[in-house]
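Letter by letter, the chains look like this.
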Amino acid sequence: MTLFLQSVVSGLLVGGVYALIGIGLTLIFGVMRIINFAHGDLLMMGMYTTWIAFTAWKVDPFVAILLVFPVLFLWGAFLQRTFINRVLGALPQNQILLTIGLGLVMSNAAMFLFTSDYRILTTSYSSDSFRLGGISLSSPLVVSFLITAAITAVLYWFLMKTDTGQAIRATAQDREAAQLMGINVRWMSILAFGLGAAFAGTAGALISPTYYIFPQVGQPFTLKAFVVVVLGGMGSVIGATLGGLVVGITESLSAVYISSGLKDLVVYVVFLLILLFKPSGLMGKSRM
Amino acid sequence: MDTTRATSSPASRGSAWLPLVASVAAVAVLAVVPLFVSNPYVLHIMILLFLSVIMGSAWNVVGGYAGQYSVGHAAYYGIGAYVTLIFMTQYQIMPWWGTWVAMAAALAVALVIGSITFRLRGPYFVLASIAVAEVIRLTVLNWKSLTNGAEGILSGPIPRITIGETTIKFISKVPFYYVGLAMVVATVLANLAVQHSKLGYYFQAIREDQDAAHSLGINLTFHKNVALGISAVFTALAGSYYALYVRFIDPSTVLTIDVSVQMVLICIIGGIGTVLGPVVGALVLVALSETLRSNLVTELLIAVGAVSPESKVGAFLKEHLSHAHMLIYGILVVVVILFMPDGILGWARQAMRRRAQAALVAAAGEKR
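The rules we used
- Residues numbered from 1 in each chain as written.
- Chains lettered and ligands numbered in written order.
- Predicted model: local features only at pLDDT ≥ 70, side-chain atom pairs only at ≥ 80, totals over all residues.
- Helix = DSSP H or I, 4+ residues; strand = E, 2+ residues; numbered from the N terminus.
- Contact = placed C-beta atoms within 7 Å.
- Rg over C-alpha atoms; globule rule 2.2 N^0.38 Å.
- Core = buried A, V, L, I, M, F, W, Y, C linked by C-beta atoms within 7 Å.
- Buried ≥ 20, exposed ≤ 12 C-beta atoms within 10 Å, placed from the backbone.
- Pairing = 2+ DSSP bridges.
- Expected span 1.5 Å × (residues − 1).
- Axes fitted to C-alpha atoms, helices over the stretch in contact; angles between N-to-C directions.
- Parallel < 35°, antiparallel > 145°, perpendicular 65-115°, else oblique.
- Left-handed = near helix turned anticlockwise from the far one by under 90°.
- Nonpolar A, V, L, I, M, F, W, Y, C, P; charged D, E, K, R; others polar.
- pLDDT = per-residue confidence, 0-100.

## Concerning the overall build of chain B
No. 1: The number of helices and strands found in chain B is 17 helices and four strands.
No. 2: Here the contacts in chain B between residues at least 6 apart in sequence split such that 76% fall between residues at least 24 apart.

## Re the overall build of chain A
No. 1: Looking only at helices and strands, one finds eleven helices and two strands in chain A.
No. 2: Starting at the N terminus and walking to the C terminus, you meet the elements of chain A as α-α-α-α-β-β-α-α-α-α-α-α-α.
No. 3: The C-alpha radius of gyration computed for chain A amounts to 18 Å, which stays within 12% of the reference 19 Å derived for 288 residues, consistent with globular compactness.
No. 4: Overall, chain A is about 55 × 45 × 35 Å in size when its C-alpha atoms are taken along their principal axes.

## Quick look at the environment of Ala 75 of chain B
Residue and element names in this part refer to chain B.
No. 1: Topologically, Ala 75 is positioned in helix H3 (residues 74-91).
No. 2: Sequence separation between Ala 75 and Arg 137 is 62 residues, and the spatial gap between their C-alpha atoms is 7.2 Å.
No. 3: Not counting residues within four places of it along the chain, the set of residues in contact with Ala 75 comprises Val 109, Val 132, Ala 133 and Ile 136.

## Examining the nonpolar core
One recurring pattern in soluble globular proteins: nonpolar side chains tend to sit buried together.
No. 1: With 195 residues, the main nonpolar core has Ile 21 of chain A together with Ile 54 and Val 333 of chain B as its most contacted residues.
No. 2: In terms of residue count, helix H8 (residues 185-207) of chain A provides more of this core than any other element does, 15 residues in total.
No. 3: Setting aside its immediate chain neighbours within four residues, Ile 54 of chain B contacts Met 183, Val 184, Thr 187, Phe 234, Leu 237 and Ala 238 of chain B.

## Thoughts on the interface of chain A and chain B
No. 1: Taken together, the contact between chain A and chain B spans 34 residues of the former and 35 residues of the latter.
No. 2: If you list the elements that add at least two residues to the side of chain A that touches chain B, you get helix H4 (92-114), helix H9 (218-232) and helix H11 (263-277) of chain A.
No. 3: Among the elements that make up the side of chain A that touches chain B, the one with the highest residue count is H4 of chain A (15 residues).

## Let's talk about unusual backbone geometry
No. 1: Even without glycine at this site, Lys 58 of chain A takes up a positive phi of about 60°.
No. 2: Following the sequence through the fold, Lys 58 of chain A ends up in the loop between helix H2 (39-57) and helix H3 (61-82).
No. 3: The backbone phi angle of Arg 247 of chain B is positive, close to 60°, even though this residue is not glycine.
No. 4: Take Arg 247 of chain B: it is sitting in the loop between helix H10 (220-246) and strand S4 (248-249).

## Overview of the pairing of strand S1 (residues 129-132) of chain A
Residue and element names in this part refer to chain A.
No. 1: Where S1 and strand S2 (residues 135-138) come together, four bridges link them in antiparallel fashion. The partner of Arg 131 across the bridge, within S2, is Ser 136.
No. 2: Linkage of S1 to S2, two consecutive antiparallel strands, is achieved through a turn of two residues, within which Gly 133 is found at a positive phi near 55°.

## Details of helix H1 (residues 17-36) of chain B
No. 1: With 20 residues, H1 of chain B should cover 28 Å at 1.5 Å per step; its first-to-last C-alpha distance of 29 Å lies within 8% of that length.
No. 2: In terms of burial, H1 of chain B is largely open, as just zero of its 20 residues are buried.

## Description of helix H13 (residues 277-293) of chain B
No. 1: Taking 1.5 Å of rise per residue, 17 residues should cover 24 Å, and H13 of chain B covers 24 Å from first to last C-alpha, within 8% of that figure.
No. 2: For H13 of chain B, the full list of buried residues reads Gly 277, Pro 278, Val 279, Val 280, Gly 281, Ala 282, Leu 285 and Leu 292 of chain B.

## A word on the packing of helix H2 (residues 40-65) of chain B against H10 of chain B
Residue and element names in this part refer to chain B.
No. 1: Between H2 and H10, the shortest axis-to-axis distance is 8 Å and the interhelical angle comes to 165°. As the angle between them shows, H2 and H10 are arranged roughly antiparallel. Relative to H10, the crossing made by H2 is left-handed. Contacts between H2 and H10 pair Ile 47, Leu 51, Ile 54, Met 55, Ser 57, Ala 58, Trp 59, Val 61, Val 62 and Tyr 65 from the former with Ala 227, Leu 228, Ile 230, Ser 231, Phe 234, Thr 235, Leu 237, Ala 238, Tyr 241, Tyr 242 and Tyr 245 from the latter.
No. 2: Partitioned by chemical class, the residues of the contact of H2 with H10 number 18 nonpolar, three polar and no charged.

## Focus on the confidence of the model for chain B
No. 1: A residue-level look at chain B finds 89% of positions with pLDDT of 70 or above and a mean pLDDT of 83.
No. 2: Confidence, expressed as mean pLDDT per element, reaches its minimum in chain B at helix H15 (residues 312-320) of chain B with 68 and its maximum at H10 of chain B with 92.

## A closer look at the environment of Phe 234 of chain B
Residues and elements named next belong to chain B.
No. 1: Secondary-structure assignment places Phe 234 in helix H10.
No. 2: Residue classification places Phe 234 among the buried positions, given that 25 C-beta atoms sit within 10 Å.
No. 3: Once residues within four sequence positions are removed from consideration, Phe 234 is found in contact with Ile 54, Ser 57, Ala 58, Thr 187 and Ala 190.

## A short note on the environment of Ala 104 of chain B
All names here are of chain B.
No. 1: Along the chain, Ala 104 turns up in helix H4 (residues 95-117).
No. 2: Overall, Ala 104 belongs to the partly exposed group, with 13 C-beta atoms counted inside 10 Å.
No. 3: When the C-alpha atoms of Ala 104 and Ile 79 are compared, they prove to be 10.0 Å apart, with 25 residues separating the residues in sequence.

Given below as structure tokens:
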């Protein structure tokens, strides 16, 4: 029973980060109907920004979020304005390939600048843990989970209560109608992509104390983000949050009860089953 | 949707003999190349080129003609490579039999995957194809008794064949060159056959408008599966060729998403849904990555005197530019998608047409 609880809790902690990555992807998909294949590479950029801040100025990774969030927001907004915006009406295949191309440019530019060496960001608390009712909890993961929860709550408040948030939701619901109501949909798209990139970058900052940092680190996270988003229902923020937690728990349970080599396999099989039998995801058709 | 793809209509067949003659001449020239060129590096580049053409043309059948953007073709490539080498190293079955088994295995897997995933459309299908390929990669990675897991399979030299009096030894690159050339011809001919057959018209109808095609009585799932089947067989052939040529495979070289993406890129860059598109795409990509990898660009810049080899810039370029081919790939894809959505071939055709029109206008102006 302790083993079960332990694996559920550690899955939940990892799932929080997956949720954050998924929220970024679902926000972009919701507003622009574009699947961002460069999402993991945005996360990679967040990791490297954190790493630079840590090695150059001794900034704690969790404090570095204050830097990573605006940097990645601006980068995402730039990508949207210069590239993504031009293919909004194009074939979905071309949109996908454009983001694949952008991802290749980002990961290989990182390799160019930082070489393909694995970087480790060792903080004084990287391997700290504490016990709570017989369950061992990794301190950095707990902190990052709490930060994730706070960010998700703020985002939810922003989308629900502020005028800009409502405008984003309106754009996601019906782009043309939103435009007719006087909403600047171009600006909303830039905002959504910026926010999506910023969330991916923040997730990168959050996992940097516990992960290796290298240029190709993003790809598995891109795939995982797809799983999270489809699981929750494309475009749904609550769905992505739930999806992230479900993926985290599924992974950790299958690592414990099946085999750690097969945990990703289980996740992808679950993903395929969801795609086939409930493609609208856990949260049905709800959009944001 | 766009007109450049549809120019293969019967009306334009009258003038179609010119490309035919050109292609036959090109194949004839390629066939005599090894008689004059013995430089193994040149032959190696040509073999890489053949491999890329086969990969691109194989994907083109399902992605270009039927419009089903699979980003999971690494699955069939990997199956081709693994089945061939496993049969050769573990069961001592000759590769020329093993390759057929590999192709059959890829076909079987493709039909299973196809009948499941073709119920999905657009982005959902893309995601499902990636997930299936990942499932296969992870299975191979974990099935250590058969596949040797992450360590991969290293094979000894390929046994020689004796046909009548002649014995072919697969020691030099020349036999690989001819096998590759033959496979290129077969794959490109298959594309040509698809483009001009009734089956191919069905594929293109599905690509242009699934629902309209369905309402005209085209069985969507069946025809998508046929397209995927053809594509998977040739992809497996490419995988098998790669495995026999390099004689080492592991999941991270033949089963990653990079392989799938590369197959798509070859078509997109050259011109998707055309017979020659993948050939052009392969030419561009192989030429580009080889010039970068062999540091020709840096040497050229130094020779011209643009940068001195001792300067900081020169040293930086010399060290890094050879690793930059994937970066250039990425930039190329972005440029092609934004500015030449029909690929280099489509863009060139359009430019030529515009030029011809401008010439006509100019001629008409002079007459007056």
